[in-house]
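Chain and residue survey
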Amino acid sequence: MRPGHRKLLLGFLAACFFGQTALVYSDPTPTTPLSEEALGGARTWHANNCQSCHQIYGFGGFLGPDLTNVAARYPGTALDGWLTHVLAGTGQMPHFALDEGERAGLAAFLREVDTTGIGQARVGPGDSGGFAAGELPWWEYE
Amino acid sequence: MTVPAPAADQVSRRYATLTFVRGALAALMVALAVGLLSALYSVPALGESMRKLGIQFTALRPLHTIFASAWIFLGGMAVVHRFLQEEGGPLKPGERLRLRGQVLLWAFAGLGILITLPLGITSGREYMGHHPLLSIPIFAGWLLFCWNYFGIAGRGFWQRPVYVMMWAVGSLFFVYTFTEQHAYLLPGVFGDPVVDRQIQWKACGTLVGSFNLFVYGTAIFLGEKITGDKSYGQSRTAWALLGIGLLNSFTNYTHHTYHLPQSHLVKWIGFCVSMTELLILLKVVGELSALVRAESEGGRTETAAGRCVTRILLGSAKWWTAAMLVSSILISVPPLNALVHGTYVVTGHAMGTTIGIDTMILLAAMSWLLRERPSTEVGVRKPVDCKQICRTAIGLNIAAGALAFWLHFAGLVDGVTRYLHPVGAGQAFAYRPAWLQASIGPVFAICGLALFGFFVMLLRRWVPVAFAPFDPEMLGEPVSGWPLEQSPEEREDPSGIPAC
Ligand code: HEM
């Protein structure tokens, strides 16, 4: 391949990369920032490295379940109780000594994450946003 | 078989290559040890005992992924320094200073990560689980490397073989993606979980693209060195592969984001580009059959026989490429993606590619680099490549194959069960069939143990060669796979592959 063609190829690839980057950064899909309480929860989530076992939108480790929409299964304050239960340590989930404020923050974080979309193709029966069997619109997961 | 005596200024460059070989092998050993512990952790009873001992999965997993990536980058970097050994000329004082700086900064970062993560100091991020302050020495080290690399490779850049370009783009990509991985430090990104994930997935895609470029460059450089044929690095196909591979590396991560609320255009592009991977697949399979044909026609030469481990490792990387492209195409087809995403299929794919493709190519490169060490320096002739080691390489592939297969299989079962029996409101988390729940951890651990065992068998031979003290005075015959004083006729084995 001649040097001129190499330059063209690299130029083309660089343009693609910057185009893709621009596309991602200018994504028009509306998103909602976290509330103050949920932001505290996000910090607790990171400080305890919950994502080493859990995923949000499929991102994270796989020892535990995806938690994007766990709040949908525990509406209202039920999630707080459920969190208190699991954070005490279950079969494979270790015990985390978190205070009430941290737990409430985590619950707020998971509740707000739940409102952003569907973390897995099918997380619950219809009402929580899952698809009916045989209906998997491939380009549209939200 | 005597290496031409290198010029005095070559000694430092030779030492640089060796330093990166050592660093790479050390990182691999850490990754393997914590990888094995993480796999054992997935057996509930063992996880329980490990927690009692204070061993936490929250430290193991980031240690594993960080050191696995470090192994890939350092291994690639060792080969880059082997290239600089030939191209660089005398090591200038500034260059030497930057090289030392790079090594010291990275050693500091590596030790820092090894100490802080078990203490629970973490960023809590995927792949970049270390405290962000430790990113500073890593980043600074990369800049120093880029300075040195471009100082040499930049001369006559556009005429150079494709691997020079691959390493160049790989390094720039790394600098970019590493910065992007830290976007979460901006409050606007951290405070918006969707935006955070959009950026994080994009950055991870580029990160994988970056280390792939290091590895592909390594494979082509190695091929050129072994065959002595310099044309491949200049060929149109090699450049086309660079183009398609690169395009893929910054768009095909989107198969992880089909479900993320974001512009459909990004998903469409990702889907279409992913499909071009088929082209690479066809290409790879084509080259593979050509390789096999050439080998059966040409018979085994003495040198080829002495390189059995290099050949086996490189050959297996090709089969892994084919297998993993099938797996990646499956992940890219949206309805299948919906089924398997967020399950162990992703781990199977990630480890399948990093072990099957990247690690196999890098191990082949290590075998080649280690064989170059003068035997006088290593003290005794320690075999790097012999019959038992070749068998180990085959065992390594089988164990890795079993691990990757199990992860794909378990993930697929999880995905199908999750689809057929969704967990309803107020229900507990169990979506996994009981037989899988009972077997997933133990089988993972057993496959992991087997893989670990084969790695140990291999490294037991190589590590003493790599870590034998460097002696700038020692030149001469390279360490070889078999006693050099024996002629092929004297060897008992007609295949020419020596016993260890
Ligand atoms: C003894 C051999 C090994 C064992 C037992 C092992 C085990 C594991 C385990 C338990 C995980 C965490 C899975 C999860 O829950 O998310 C993991 C993840 C990973 N491993 Fe390994 N590993 C081994 C070798 C390697 C090697 C040699 C590499 C690459 C050089 C590698 C690359 C990775 C990567 C990239 C991930 C992240 C996968 C993901 O996206 O979830 N592993 N490994």
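One can find the structure itself at the top, above this paragraph.
To start, this report covers the structure provided alongside it. Starting afresh in each chain, residues are numbered from 1 along the sequence in its written order. Ligands are numbered from 1 and chains lettered from A, in the order in which they are written. The predicted origin of the model limits local features to residues at a pLDDT of at least 70 and limits the giving and counting of side-chain atom pairs to 80 or more, whereas totals for whole chains, interfaces and linings rest on all residues. Hydrogens are left out, water is left out, and the side-chain values use all remaining heavy atoms of the structure.

**Some points on the overall build of chain B**
Counted only if it meets this: Helical segments are the DSSP runs of H or I of at least four residues, strand segments are the runs of E of at least two, and each set is numbered from the N terminus. Only protein chains enter the area calculation, which uses a 1.4 Å probe; residues under 20% of their type maximum are buried, those over 50% are exposed, and those in between are partly exposed. Whether two residues are in contact is decided by their heavy atoms: any pair within 4.5 Å suffices. All accessible areas in this document rest on Shrake-Rupley with a 1.4 Å probe, and a residue is counted as covered only by the protein chains that are shown.
Helix and strand counts for chain B come out as 17 helices and zero strands. Burial analysis of chain B (500 residues in total) assigns 59% to the buried set. Put simply, 84% of the contacts in chain B that link residues at least 6 apart link residues at least 24 apart. Carbon and sulfur atoms form 72% of the exposed surface of chain B, whose accessible area is close to 19200 Å².

**A few points about the interface of chain B and chain A**
Test applied: What gets called buried area is simply the loss in accessible area from a 1.4 Å probe that two parts show on being joined, summed for both. For this analysis, a salt bridge means a side-chain nitrogen from Lys or Arg found within 4 Å of a carboxyl oxygen belonging to Asp or Glu. Pairs of N or O atoms are called polar contacts if they sit within 3.5 Å, as long as, within protein, a hydrogen donor faces a hydrogen acceptor (for residues adjacent in sequence, only side-chain-to-side-chain pairs). Throughout this entry, Asp, Glu, Lys and Arg are counted as charged residues, while Ala, Val, Leu, Ile, Met, Phe, Trp, Tyr, Cys and Pro are counted as nonpolar. The remaining residues, Gly among them, count as polar.
In this complex, chain B contributes 83 residues to the contact, which on the side of chain A involves 71 residues. Of the roughly 6900 Å² buried where chain B meets chain A, counting both sides, 66% is carbon and sulfur surface. Summed over the three residues of chain B that lose the most area to chain A, namely Trp158(B), His259(B) and Tyr419(B), the buried surface amounts to 11% of that side. On inspection of chain B and its partner chain A, the count reaches zero salt bridges. Taken together, the connections running from chain B to chain A amount to 13 residue pairs in polar contact (both at pLDDT 80 or more). Split by residue class, the side of chain B that touches chain A holds 42 nonpolar, 29 polar and 12 charged.

**What about the coordination of the iron atom of the ligand?**
The condition that has to hold: Donor atoms: N, O and S within 2.8 Å of the metal, or within 3.2 Å for Na, K and Ca. Because water is excluded, sites can look incomplete.
Coordination sphere of the iron atom of the ligand, protein contribution only: His64(B) (NE2) and Met351(B) (SD), at 1.9 to 2.3 Å. Met351(B) sits in the buried class, given a relative accessible area of 19%.

**Digging into the packing of aromatic side chains**
Geometrically, a pair of aromatic rings is defined through the distance of the ring centres and the angle of the planes. Residues and elements named next belong to chain B. Basically, it comes down to this: By convention, a stacked pair of Phe, Tyr or Trp rings (six-membered ring in the case of Trp) has centres within 6.5 Å and planes under 30 degrees apart, an edge-to-face pair has planes over 60 apart, and any other such pair is tilted. Both a distance and an angle decide whether a charge sits over a ring: NZ of Lys or CZ of Arg must be within 6 Å of the ring centre and within 35 degrees of the ring normal.
Scanning the entire structure with this criterion turns up 33 aromatic pairs over all chains. Ring geometry for Trp-142 against Phe-214: centres 5.7 Å apart, planes inclined by 80°, an arrangement best described as edge-to-face. You can see Trp-142 sitting in helix H5 (residues 135–153) and its partner Phe-214 sitting in helix H8 (residues 193–227), a full 72 residues away along the chain. Residues Trp-142 and Phe-214 agree in their burial class; the two are buried. Through a chain of ring-to-ring contacts, the aromatic side chains of Phe-73, Trp-106, Phe-139, Trp-142, Phe-145, Tyr-149, Phe-150, Phe-174, Phe-178, Phe-211 and Phe-214 assemble into a single cluster. Above the face of the Trp-147 ring, Arg-98 is positioned so that its terminal group lies 4.1 Å from the ring centre.

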